[in-house]
Amino acid sequence: MNDMILSGTTTEELAAVVAARSPGLTHEEVGQIAEQAARLQISPEAMQKILEGFETVAEALRKIADAIVEILKPVIEWAAKVARRFMEAIAAGIVPGKWLHLAKHSKKARTRKKYRKRIREAVVAFLCTAGEGAPA
């Protein structure tokens, strides 16, 4: 590539444009972007349009991500409900019925939490040891 001497005013103008459009960048990052844009002979006006284009694309991607989250929300809720029912079904065969009753209907939150923890630990221990006897 041909080594050319960059004009200081063009680099400074580009740096000002980049700094104005992207306030989160450090001084070094702004300088690097401005230097590369000057090497590509991009005018400050073109740089302004490029940065506006990036912001438009970023906003469109944010909207797409929000739409995907909204679409997947019912699926995630359904998966959580199925997982909860799966844990309850496994727990019903492992732990005493009293624990299940206290985990759901105890008066104090502390007691409900204690029994939910006991049930969770019993189910995890069961699932961890259940695969040991099976052939590999």
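Scoring rules and cut-offs
- Residues numbered from 1 in each chain as written.
- Predicted model: local features only at pLDDT ≥ 70, side-chain atom pairs only at ≥ 80, totals over all residues.
- Heavy atoms only, no water.
- Helix = DSSP H or I, 4+ residues; strand = E, 2+ residues; numbered from the N terminus.
- Areas by Shrake-Rupley, 256 points an atom, 1.4 Å probe, with all protein chains shown as cover.
- Patch = residues over 30% accessible without salt bridge, like charges linked within 9 Å, V, L, I, M, F, W, Y side chains within 5 Å.
- Salt bridge = Lys/Arg side-chain N within 4 Å of Asp/Glu carboxyl O.
- Phe/Tyr/Trp six-rings, centres within 6.5 Å; stacked < 30°, edge-to-face > 60°.
- Lys NZ or Arg CZ within 6 Å of the ring centre and 35° of its normal.
- Contact = heavy atoms within 4.5 Å.
- Core = buried A, V, L, I, M, F, W, Y, C linked by side-chain atoms within 4.5 Å.
- Buried < 20%, exposed > 50% of the residue type's maximum accessible area, 1.4 Å probe, protein only.
- pLDDT = per-residue confidence, 0-100.

Focus on the overall build of the protein
Here comes step 1: Of the regular secondary structure elements, the protein holds five helices and zero strands.
Here comes step 2: Each helix (α) and strand (β) of the protein, taken in turn from the N terminus, gives the series α-α-α-α-α.
Here comes step 3: For the protein, the accessible area works out to roughly 10,800 Å², and carbon and sulfur atoms hold 61% of it.

Comments concerning a nonpolar patch on the surface
Here comes step 1: On the surface, Val57, Leu61, Ile64, Ile68, Ile71, Leu72, Val75 and Ile76 cluster together into a nonpolar patch covering about 760 Å² of accessible area.
Here comes step 2: Along the chain, the position of Ile68 falls in helix H3 (residues 44-94).

Examining the packing of aromatic side chains
Here comes step 1: With the rule as written, the count across this model stands at one aromatic pair.
Here comes step 2: In this arrangement the basic side chain of Arg118 is found over the ring face of Trp99, its NZ or CZ atom lying 5.7 Å from the centre.

What about the side chain of Ser106?
Here comes step 1: On the secondary structure map, Ser106 appears in the loop between helix H4 (97-105) and helix H5 (109-130).
Here comes step 2: Apart from the residues within four sequence positions on either side, Ser106 is in contact with His101, Thr111 and Arg112.

Observations regarding the nonpolar core
One broad trend across soluble globular proteins is that nonpolar side chains are buried collectively.
Here comes step 1: Ranked by size, the top nonpolar core spans 10 residues in total: Leu14, Val17, Val18, Val30, Ala34, Ala37, Ala38, Ile42, Met47 and Leu51.
Here comes step 2: Those elements that provide at least two residues to this core are helix H1 (8-21), helix H2 (27-39) and H3.
Here comes step 3: For this core, the leading source of residues is H2, giving four residues.
Here comes step 4: Setting aside anything within four residues of it in sequence, one finds Val30 in contact with Ala15, Val18, Ala19 and Leu25.

Quick word on the confidence of the model for the protein
Here comes step 1: Across the protein, the average pLDDT comes to 86, with 89% of residues at 70 or higher.
Here comes step 2: Here H1 stands out as the element of the protein with the lowest mean pLDDT, 81, in contrast to H4, whose mean of 94 is the highest.
Here comes step 3: Considering only residues more than four positions removed or in separate chains, one finds that residues 1-5, a stretch of pLDDT under 50, has three contacts.

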